[in-house]
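Chain by chain, the residues:
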Amino acid sequence: MYEIMRACAGLICQLLIYFMMGSLLLRILKVRQENFLALIFGFILYFTCFEAAAVPATLAWVPLKVFSYGWLAFLLVICLLSVIFCSKRWAEHLKEETHIWEEHSGMLLLGVVVVLVQGFVVFFYNDSYMDSAYYVGVTSTSVYTGQMWRQNPETGRTLTTFPYRYVFSSYPIHNAVWSVLLNIHPLIQTKMIMSVVHVLIQNMIVYITGIFLFDNDKKKADLMVFFVFVIQIFSDTMYTQGTFFFTRTSEGKSFLANAFVFMVLMFCAWFWREGRQCVWCGMFLLAFSSMAFGGSAMTLAAVMPAAMLPVIWIKKKYAHILYLVVCMLPFLLYFILYYGGRAGVIPLAAS
Amino acid sequence: MTGVSIDEHGLTYVFICLEKYWSGCWFPWLFLFGCVIGRIFYKKKTGRIFWGYLVTLCLTVYNPLIVNLVLSVLKFNMEYYRFFWLLPVVPALAYYLVTISYLPKWTGVKVIVACTGAVLIMILGNPMDTVAVDYKFIDNPYKVPDDLEEVCAAIHQYSSKENPRVVLDLELNLYARQYDPSLRMVLSRNAVLYRSGSTSLSVDTKSDSYKRQKILMDILYYHVNFDITRFRTALMETKTDFFVVPIEYEFNDFLVESGCVECERTRERILYHFDWAAELKKEEKKNEEQAEERVVDSDVVPMEEQPVQ
C-alpha cells in the first residue's frame, strides 16, 4: 500500500517537474503561459536533458545510484529556477482561469471522463506483451545490480558490449532512476506511473492540437479528445497506435506511436496558425527527446518534413526550411551512433 | 511485417502492408475521403494540413519504388509497419467528425450528429477485444501472475544462492526477471520463442547451448522425448537449480527419478529443486568407478588370448 502511495506521489512529482521545466522554457521563448502547453514542453525538455545525460553516463559505467542522485540535484536546481522566475506568471495565469466552465460547458465533463476512463484502462490493464520482458527487464536489472544496462535483462548474464540497438535510448534507465528515487518496484514505475503519464500527455497534446485546429474553440477541442479515444479503441490490429496506447504501455514505442506522432501534428497546426519560430524549438526538442524512447524515433524523421514542408510552402515561409534541417540533426546523430555502434567504430564495452 | 516479404510482393508490398496494418478497418478510406472532400470544398480550412501529410508521405515513405530500394538496403522489413503510425488517420478523422458535428446550428442536432459519428466509428472499426470486450484486469500492482510472487519467494527460501538458475514455464518465463531480477534464466527468450514456432527469430539450432535448452523445453514445455539421462545431463550442464511445472502435468515420477526434489506447491505450479553440483559429483564418481572397473577388466586377459607358453 505504501508503495502505491509512493507511486502516486511519484506521478504527481514527475508531472510537476514537467510543468516547471516547461514553464521555464515558455518564459524563455516568450510564449504565453498555458498549463497544458507547459506540461508538453516540459515533457520533451525533460527527456531531451535526460537523454543527453543518461546515454554518456551509461557508456561511462556510472553507477545507477550516483546518476540518480545527480539527476535529482539537477531537477531540484531547475525547479528552483522555475519557482523564482515563473511563480509570478503562474499566479497571473491562475487569476485568468476563471472562465473555464463558460469556455468548455458540458464538454469539460466529457473530456475529464474520457481521460479518467483511459487512465483507468491503462492503470489496471495487465500488460503482458512479450517485448516487455526486455524493456522492463532492463529497468529491473539495472535497479537490482545498481549498474546501468550492463547485464542481459533476459538472462542476467554480464554483457561484454552494450546492445547498440537499444543503449542509445534511455527510457528504461529513466524508469530505473525513478524506481531508485522513489524506492518503488520498477514494474510499478514502468507499467503504472508511466502509462498514466502517457495518457495524460497524449490527451493534452490532442487537446492543444484541437485548440490550434479549431481556432481556440475549447468545446471542439474537448470533443476531439473524445473522438480520438473512440477511434483508438476501435482500431484494433496488432500494429495500430491504439493497440500500443492501451495494451503495450510499458514500452517506449508506445510513446513514439502516439504522443510523439501527435505532437508533430500539434506543432504543425501551431505553425499553420501562428507561424512562430518557437515552434521550431519545440520541434527540435521533440526530435531529440524522441530518441530516448527507442530506435523507432527514426520514423519521425520522415513525418516532420511531411508535416512541415507543405505548410512552409503554403505559407511561403521558405526560410524556415533551414530550421527544419536543424530539427533533423538529432536523427542524424542517432543514425551515426547506431551505425557507428553496429560497425564497432563507437566503443561500446560493457565489461 | 510478419509474413509479408518485399522479395515476394515487390511493388505491391506497401499496399499489402497497409491492408494488414488496418486489417479490414475502414478508417484509412474515411481519412482519404475526408482529405479529398477537404481539398475540393474547403480550400482555406486547416484541414489542408492533412492533405499535405498525405501527399508528402505517399511520395516518400509509402512510395513503392523508394520503399523497395530502401528496404532492400537497410533491411527493416519487420518494422516497416511503424511508418503507418505517421499517417494522421486518427486525429484527422477526429477533426472531420468534430467539424461535421458542429455544422448544424441547434445543440440537440449537434449532439445527435456527434453520437452518430461515434456509432459509425464503432461499426466501421475493429473493437479492441482485450480492452473493450474481455478486459485483462491485473492480479496485483506488479502486473504479474500471483503465482510468480509465491514461486520467487519459495525459490529464495530454499536456495542459499544469491542468483539461482531457474527454468520457469512459458507464462512465468516472460515475467520472472521483470519481477525478480536476481533470478538467472536458463532458457533464453529467443530459444523459447523459436521452439514455440516463431519464424521472426534466428537461432543457431546447431549450437550446444540451444540443444541443451531444447532438451529441457521438450520435456518441461512440450512433454516429448522423455529420456532421463539426457534430461539429467542437460540440467547439469545448464546448472539448473530450480524449475517449475504446472500442477496439472503428471510426470512427477519421471522428475523424481531424474533426481529432482519437490520443494513447494503453489496454487497452480510445483517447484522442483535439482542439486546439480551434488549430482555432477555423483556422476563423476560413478564415471571414475566405471573407468576403474574397465581398467581392472582390461588387466584380466581372456583365456583364449593368453600367450601359449
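Residues numbered from 1 in each chain as written. Chains lettered and ligands numbered in written order. Predicted model: local features only at pLDDT ≥ 70, side-chain atom pairs only at ≥ 80, totals over all residues. Heavy atoms only, no water.

For the rest of this paragraph, the subject is the sheet that holds strand E3 (residues 242-246) of chain B. Residues and elements named next belong to chain B. An order of E2-E1-E3-E5-E4 is seen for the five strands of this open sheet, with the pairing classed as mixed. Each edge of the open sheet carries a strand with a single partner, namely strand E2 (184-185) and strand E4 (261-265). With two bridges joining them, strand E1 (residues 165-167) and E2 adopt parallel strand pairing. Across the sheet, Val166 pairs through a bridge with Met185, a residue of E2. This element, helix H9 (residues 146-158), spans E1, E3, E4 and strand E5 (269-273) of the sheet and lies at about 20 degrees to E5. (Pairing = 2+ DSSP bridges. Helix = DSSP H or I, 4+ residues; strand = E, 2+ residues; numbered from the N terminus. Contact = heavy atoms within 4.5 Å. Axes fitted to C-alpha atoms, helices over the stretch in contact; angles between N-to-C directions.)

All names here are of chain B. Most of E3 sits out of view: five of its five residues are buried. Residues Phe242, Val244 and Pro246 line one face of E3 and the alternating positions Phe243 and Val245 line the opposite face, and both faces are buried. Taken together, the two bridges between E1 and E3 define a ladder with parallel strand orientation. Residue Val166 lies in a different strand from E3, and its bridge partner there is Phe242. (Buried < 20%, exposed > 50% of the residue type's maximum accessible area, 1.4 Å probe, protein only.)

All names here are of chain A. Between helix H8 (residues 186-213) and helix H11 (residues 252-274), whose axes approach to 9 Å, the crossing angle comes to 20 degrees. Compared by their axis directions, H8 and H11 come out roughly parallel. Note on packing geometry: the crossing formed by H8 with H11 is left-handed. Contact residues: Met194, His198, Ile201, Gln202, Ile205, Val206, Ile208, Thr209, Ile211, Phe212 and Leu213 in H8; Ser254, Phe255, Asn258, Ala259, Phe262, Met263, Leu265, Met266, Ala269, Trp270, Arg273 and Glu274 in H11. (Parallel < 35°, antiparallel > 145°, perpendicular 65-115°, else oblique. Left-handed = near helix turned anticlockwise from the far one by under 90°.)

It is worth spelling out the interface of chain B and chain A at this point. Across the contact, 72 residues belong to chain B and 80 residues belong to chain A. Where chain B abuts chain A, roughly 7,000 Å² becomes buried across the two surfaces, and 68% of that area is made up of carbon and sulfur atoms. Broken down residue by residue, the surface that chain B buries against chain A is led by Trp85, Lys143 and Gln178 of chain B, which jointly contribute 12%. At the junction of chain B with chain A, the criterion picks out three salt bridges. Put simply, Glu154 of chain A and Arg189 of chain B hold a salt bridge, and the shortest N to O gap is 3.7 Å. The interface formed by chain B and chain A holds 32 residue pairs in polar contact (both at pLDDT 80 or more) in total. Counting residues per element, the ones that place at least two in the side of chain B that touches chain A are helix H2 (13-22), helix H4 (48-59), helix H6 (89-101), helix H7 (107-124), helix H8 (129-133), helix H10 (170-179), E2 and helix H11 (189-195) of chain B. When residues in the side of chain B that touches chain A are grouped by element, the largest group, nine residues, is from H6 of chain B. (Buried area = accessible area lost by both parts, 1.4 Å probe. Salt bridge = Lys/Arg side-chain N within 4 Å of Asp/Glu carboxyl O. Polar contact = N/O pair within 3.5 Å; in protein donor to acceptor, adjacent residues only side chain to side chain.)

Moving on to the domain arrangement of chain B. Domain assignment breaks chain B into domain 1 (6-126) and domain 2 (146-282). Its C-alpha centre places domain 1 of chain B at a distance of 47 Å from the equivalent point of domain 2 of chain B. (Domains from an automatic or database assignment.)

Before going further, it helps to examine the packing of aromatic side chains. All names here are of chain A. Within the structure shown, the criterion is met by 65 aromatic pairs over all chains. Centre to centre, the rings of Tyr18 and Tyr46 are 5.3 Å apart; their planes meet at 75 degrees, and the pair counts as edge-to-face. In this pair, Tyr18 is assigned in helix H1 (residues 2-29) and Tyr46 in helix H2 (residues 35-59), connecting sequence segments 28 residues apart. Relative accessible area serves as the criterion here: at 0%, Tyr18 is assigned to the buried category. Residue classification places Tyr46 among the buried positions, given a relative accessible area of 1%. Aromatic side chains Tyr134 and Tyr166 sit 4.5 Å apart centroid to centroid with 35 degrees between the ring planes, which places their arrangement in the tilted category. Of this pair, Tyr134 sits in helix H6 (residues 132-145) while Tyr166 sits in the loop between H6 and helix H7 (171-182), and the two are 32 residues apart along the sequence. (Phe/Tyr/Trp six-rings, centres within 6.5 Å; stacked < 30°, edge-to-face > 60°.)

With that out of the way, let us pick up the side chain of Gln241 of chain A. By the element assignment, Gln241 of chain A lies in helix H10 (residues 241-247). What Gln241 of chain A contacts, discounting residues up to four positions off in sequence, is Gln232, Ala257, Asn258, Val261 and Phe262 of chain A together with Tyr21, Trp85 and Val90 of chain B.

This part is about H6 of chain B. Residues and elements named next belong to chain B. In a regular helix each residue adds 1.5 Å, so 13 residues correspond to 18 Å; H6 covers 18 Å between its end C-alpha atoms and thus fits that length. Within H6, eleven of the 13 residues are buried, leaving the element largely enclosed by the surrounding structure. Buried within H6 are the following residues: Val89, Val90, Pro91, Ala92, Leu93, Ala94, Tyr95, Tyr96, Leu97, Val98 and Ser101. (Expected span 1.5 Å × (residues − 1).)

All names here are of chain B. A cluster of nonpolar side chains, contributed by Trp26, Trp29, Leu32, Val36, Ile40, Phe41, Tyr42, Ile100 and Leu103, occupies part of the molecular surface with about 980 Å² of accessible area. A total of five residues in the nonpolar patch trace back to one element, the largest contributor, which is helix H3 (residues 27-41). With respect to the helices, strands and loops of the structure, Trp26 is situated in the loop between H2 and H3. (Patch = residues over 30% accessible without salt bridge, like charges linked within 9 Å, V, L, I, M, F, W, Y side chains within 5 Å. Areas by Shrake-Rupley, 256 points an atom, 1.4 Å probe, with all protein chains shown as cover.)

Glancing now at the pattern of salt bridges. Scanning the model with the defined rule gives 23 salt bridges over all chains in all. The partner of Asp131 of chain A in a salt bridge is Arg248 of chain A, with the nearest N and O atoms 3.1 Å apart. With Asp131 of chain A in the loop between helix H5 (106-124) and H6 and Arg248 of chain A in the loop between H10 and H11, this residue pair connects regions lying 117 residues apart in the sequence. On the basis of relative accessibility, which here comes to 18%, the residue Asp131 of chain A falls in the buried class. What you see here is one network of salt bridges that share partners, running through Asp131, Glu154, Arg248, Glu251 and Lys253 of chain A together with Arg189 of chain B.

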